[in-house]
Amino acid sequence: MAEQIAVADLGSNSFRLVVFTAADGWWKRTDEIYEAVRIGEGLAATGELGEPGMARAQATMEVFAHFCSASGIEPGAVLAVATSAIRDASNSAQFLERAQAASGLRVRVLSGEEEARYGYLAAVNSTTLSDGVMLDIGGGSMQLVHVVGRHSRELDSWRLGAVRMSERFLPGDGPAKPKQIRELVGYVTAKLERAPWLGRCGPRLVGIGGTIRNLAAAAQRDLEVAEAGVQGFVITRKELDRLVEDLASRTPAERAKFPGIKPSRGDIILGGAIVVQTVMAVGGFEGIEVTEAGLREGVFFEHHLDGDPPLFEDVRHASVVNLAAQYDMDPAHSPHTAHVARLALGLFDELAAAGVHEGEAVERELLWAAALLHDIGMTVDYDDHHKHSRYLVLNAGLPGFEQRELALIGQAVRYHRKGTPSLGPFASLAVKGDEERLNRMSACLRLAEDLERSRDQLVRAAHVAVEDGTVRLDLDSEGDDRVPRWAAGRETDLFARAFDRQLTV
């Protein structure tokens with residue numbers, strides 16, 4: 001039985017309602033409503049929430065409540081949390097009393113430390129961050145968490161959000177003046193003196209929040225890299241410096257039209273970018289890794305996962321199995337998928353043991369992921385299901401994997417039936433050796449699929465013997481194996497391309 005949980009994040013810049021559905025070993029976001037409420041507008045000057053912002057916020061909360069009711073989400077399954085603007089405003093209690101009476105939503109106002117903790121849970125459960133720093137910048141505040149061994153060590157919150165900093169230091173309709181930028185950088189730098197640990201956390205920095213996601217999208221377009229979402233993308237310090245310089249030279253109206261930047265963020269994106277840039281400079285970070293997860297996911301993970309803190313044991317493993325399970329292609333539901341994965345890894349291991357290739361551990365993991373996901377496109381249609389599978393892999397994303405790794409998995413899935421493997425549009429993401437990795441992964445996966453062509457687990461294993469430069473596959477089967485021998489026997493060209501050896505079955 002599927003369970004629906006709605007998380008309402010009432011932020012300083014935007015209100016967002018995200019619906020999560022979880023059932024039988026998988027979870028995913030299944031709906032979302034977003035509104036740029038700007039409830040924190042003018043807060044820094046007056047210390048109060050303004051009437052226009054409160055009216056927009058109340059109307060949005062009423063929409064959220066009606067949406068949840070219409071979707072059959074019980075009131076107890078709606079987790080509404082408020083952050084910086086509502087937390088800091090002197091009239092927040094009056095606003096919440098009025099808005100809760102009108103909408104029926106019970107709102108929990110998070111402390112700065114609680115907000116930081118939820119950001120930490122989102123980052124550590126959606127990346128491989130073990131030691132380093134999590135940065136979360138919203139409209140009103142910024143949180144930093146020092147992570148050691150996947151646990152939070154120091155966490156803090158500052159009133160350095162994109163809306164707050166833009167209103168204070170970058171007012172007006174023109175390009176940013178150098179003096180304004182210097183003053184903003186100096187202000188943020190001084191505030192960060194409260195975190196002397198920042199420069200001693202190692203090189204890893206993971207960022208969450210709309211500012212980070214928009215900057216990543218802008219960087220991808222600027223660099224003309226193949227896009228598959230921003231999950232796992234790394235914005236280098238050099239690229240961020242270039243973006244800040246470009247954005248600063250434009251008016252807020254022009255920034256709203258900047259490729260990758262949402263129009264509603266045109267007037268606050270520069271302020272947020274400069275805060276992030278300053279954190280990177282003070283902490284000595286050369287890049288910031290982006291995750292699409294945010295505070296909403298952090299709240300959901302606390303509800304969904306066991307443990308203290310609630311963490312996935314292995315993010316990469318969990319994300320692959322989660323995606324496969326959404327299409328009933330995980331090992332628990334698909335004997336065919338499980339067997340293809342066993343055969344593919346068995347071939348990979350035996351070929352490595354025979355000295356045919358090096359047997360790189362990460363390459364083996366990518367092959368396993370491709371094997372589990374190769375048939376999820378069958379949910380769309382059998383015809384071209386290899387292409388449908390790649391589309392689903394690339395567009396769902398796999399938290400914990402780098403973008404080039406996601407591309408390798410997606411391309412191996414794409415070529416699990418036929419065709420000559422190619423990095424295609426993802427060549428710009430590749431590092432040296434990736435073309436050869438893709439060839440090996442594709443050969444092992446396609447052979448495994450061939451040996452399980454009749455979907456009956458007839459071939460229990462395939463054993464490798466190397467004789468005079470030729471690789472012989474000896475099949476361990478329980479009956480007439482003419483179908484798998486016929487299917488595998490067609491892969492001699494791909495095998496030679498991948499391993500520079502002849503193949504006999």
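Our subject is the structure listed above.
We now turn to the structure provided with this report. Fair warning: this is a prediction, and the values are worked out from it, not measured in the lab. (Residues numbered from 1 in each chain as written. Predicted model: local features only at pLDDT ≥ 70, side-chain atom pairs only at ≥ 80, totals over all residues. Heavy atoms only, no water.)

### Describing the overall build of the chain
Alright, step 1. Assigned secondary structure in the chain consists of 20 helices and 14 strands.
Alright, step 2. Relative to the globule expectation of 23 Å for 505 residues, the C-alpha radius of gyration of the chain, 25 Å, shows essentially globular dimensions.
Alright, step 3. Seen along its three principal axes, the alpha-carbon backbone of the chain occupies a region of about 80 × 50 × 40 Å.
Alright, step 4. Going through the 505 residues of the chain one by one, you find that 56% of them count as buried.
Alright, step 5. For the chain, restricting intrachain contacts to residue pairs at least 6 apart in sequence, the fraction spanning at least 24 positions comes to 68%.
Alright, step 6. Carbon and sulfur atoms provide 48% of the accessible area of the chain, an area that totals close to 20700 Å².
Alright, step 7. Here the chain carries 55 positive and 73 negative side-chain charges, and the mean point of each set is 5 Å from the other. (Helix = DSSP H or I, 4+ residues; strand = E, 2+ residues; numbered from the N terminus. Rg over C-alpha atoms; globule rule 2.2 N^0.38 Å. Buried < 20%, exposed > 50% of the residue type's maximum accessible area, 1.4 Å probe, protein only. Contact = heavy atoms within 4.5 Å. Areas by Shrake-Rupley, 256 points an atom, 1.4 Å probe, with all protein chains shown as cover. Lys, Arg positive; Asp, Glu negative; His and termini not counted. Charge placed at Lys NZ, Arg CZ, Asp CG, Glu CD.)

### A word on the packing of helix H8 (residues 210-223) against helix H11 (residues 269-283)
Alright, step 1. Remark: H8 packs on H11, axes separated minimally by 10 Å, with the N-to-C direction vectors making an angle of 95°. With respect to their mutual orientation, H8 and H11 come out roughly perpendicular. Mapping the contact onto sequence places Thr211, Ile212, Asn214 and Leu215 in H8 and Ile269, Gly272, Ala273 and Val276 in H11.
Alright, step 2. Among the residues forming the contact of H8 with H11, the class breakdown is 5 nonpolar, 3 polar and no charged. (Axes fitted to C-alpha atoms, helices over the stretch in contact; angles between N-to-C directions. Parallel < 35°, antiparallel > 145°, perpendicular 65-115°, else oblique. Nonpolar A, V, L, I, M, F, W, Y, C, P; charged D, E, K, R; others polar.)

### Here we look at the pattern of salt bridges
Alright, step 1. A complete count under the given rule lists 35 salt bridges for this structure.
Alright, step 2. Salt-bridge contacts for Glu297 lead to Arg29; the nearest nitrogen and oxygen are separated by 3.8 Å. Separated by 268 residues along the polypeptide, Glu297 in helix H12 (residues 295-304) and Arg29 in strand S3 (residues 26-35) bring together distant segments of the chain.
Alright, step 3. Asp88 is the salt-bridge partner of Arg87, the closest N and O atoms lying 3.9 Å from each other.
Alright, step 4. Bridged by salt links that share partners, the residues Arg87, Asp88, Glu115, Arg159 and Arg164 form one connected network. (Salt bridge = Lys/Arg side-chain N within 4 Å of Asp/Glu carboxyl O.)

### Quick word on helix H17 (residues 403-414)
Alright, step 1. Compared with the 16 Å implied by 1.5 Å per residue over 12 residues, the 16 Å span of H17 between its first and last C-alpha is a close match.
Alright, step 2. Judged by how many residues are buried, H17 sits mostly within the fold: 12 of 12 residues are covered.
Alright, step 3. Within the sequence span of H17, burial applies to Gln403, Arg404, Glu405, Leu406, Ala407, Leu408, Ile409, Gly410, Gln411, Ala412, Val413 and Arg414. (Expected span 1.5 Å × (residues − 1).)

### Considering the pairing of strand S9 (residues 205-208)
In the case of a regular strand, side chains alternate between the two sheet surfaces.
Alright, step 1. Going residue by residue along S9, you find Leu205 and Gly207 tucked away on one face and Val206 and Ile208 tucked away on the opposite face as well.
Alright, step 2. Here strand S6 (residues 132-137) pairs with S9 via 4 bridges, running parallel. In the strand pairing of S9, Leu135 is matched with Gly207.
Alright, step 3. The pairing of S9 with strand S11 (residues 287-290) spans 2 bridges and is classified as parallel. Bridging across to S11, Val206 finds its partner in Glu289. (Pairing = 2+ DSSP bridges.)

### Description of the sheet that holds strand S2 (residues 15-23)
Across a sheet, strands are paired by hydrogen bonds formed along the backbone, either parallel or antiparallel in direction.
Alright, step 1. Read from one edge to the other, the open sheet built from 5 strands follows the order S3-S2-S1-S4-S5, with strand pairing classed as mixed. Of all strands in the sheet, those with a lone pairing partner are S3 and strand S5 (107-109), marking the two edges. Taken over all neighbouring pairs, the strand axes of this sheet differ in orientation by 20° on average, direction set aside.
Alright, step 2. Alignment of strand S1 (residues 3-10) against S2, held across 8 bridges, turns out to be antiparallel. Note that in S2 the partner of Ala6 across the bridge is Val19.

### Some points on the nonpolar core
Alright, step 1. The biggest cluster of nonpolar side chains holds 106 residues, and the ones touching the most others in it are Leu135, Met142, Leu144, Leu198, Leu373, Leu398 and Ile409.
Alright, step 2. Those residues within four positions of Leu373 in sequence are excluded, and the remaining contacts are Val320, Leu323, Ala324, Ser389, Val393, Leu398, Ile409 and Val413.
Alright, step 3. Ala6, Val7, Ile73 and Val81 belong to the second largest nonpolar core, which has 57 residues in total. (Core = buried A, V, L, I, M, F, W, Y, C linked by side-chain atoms within 4.5 Å.)

### Quick notes on the packing of H17 against helix H18 (residues 434-451)
Alright, step 1. Two elements in contact, H17 and H18, have axes whose closest approach is 9 Å; the angle formed by their N-to-C orientations is 40°. Between H17 and H18, the interaxial angle falls into the category oblique. Of the two elements, H17 crosses H18, and the hand of that crossing is right-handed. The segment H17 lies against H18, with Arg404, Leu408, Ile409, Gln411 and Ala412 engaging Asp434, Arg437, Leu438, Met441, Ser442 and Leu445.
Alright, step 2. Here the contact of H17 with H18 is composed, by residue class, of 6 nonpolar, 2 polar and 3 charged. (Left-handed = near helix turned anticlockwise from the far one by under 90°.)

### Re the environment of Ala65
Alright, step 1. Mapped onto the elements of the fold, Ala65 is located in helix H2 (residues 51-70).
Alright, step 2. A relative accessible area of 17% means that Ala65 is categorised as buried.
Alright, step 3. When near neighbours in sequence (up to four residues on either side) are disregarded, Ala65 contacts Ser103 and Leu105.

### Observations concerning the side chain of Asp481
Alright, step 1. Mapping Asp481 onto the fold places it in the loop between strand S13 (470-477) and helix H19 (482-488).
Alright, step 2. Assessed through its relative accessible area of 13%, Asp481 is described here as buried.
Alright, step 3. Only 2.8 Å separates the side chain of Asp481 from the side chain of Arg485, close enough to count as a polar contact.
Alright, step 4. Once residues within four sequence positions are removed from consideration, Asp481 is found in contact with Leu458 and Leu475. (Polar contact = N/O pair within 3.5 Å; in protein donor to acceptor, adjacent residues only side chain to side chain.)

### Quick word on H18
Alright, step 1. When the terminal C-alpha atoms of H18 are compared, their 26 Å separation across 18 residues agrees well with the 26 Å that a helix rising 1.5 Å per residue should span.
Alright, step 2. Counting buried positions along H18 yields 16 of 18 residues, so the element is predominantly enclosed.

### Side note on the packing of aromatic side chains
Alright, step 1. This model, assessed by the stated rule, comprises 8 aromatic pairs.
Alright, step 2. Measuring from centroid to centroid gives 4.4 Å for Phe20 and Phe300, while their planes differ by 15°, and the two rings are stacked. Of this pair, Phe20 sits in strand S2 while Phe300 sits in helix H12, placing them 280 residues apart in sequence. There is no split in this pair, since Phe20 and Phe300 are both buried.
Alright, step 3. Taking 5.2 Å as the distance between ring centres and 50° as the angle between the ring planes, the aromatic pair formed by Phe169 and Tyr187 counts as tilted. Placement of Phe169 in helix H6 (residues 162-169) and of Tyr187 in helix H7 (residues 178-191) is noted, with a sequence separation of 18 residues between them. (Phe/Tyr/Trp six-rings, centres within 6.5 Å; stacked < 30°, edge-to-face > 60°.)

Function cannot be inferred from these measures alone, as they are strictly geometric.
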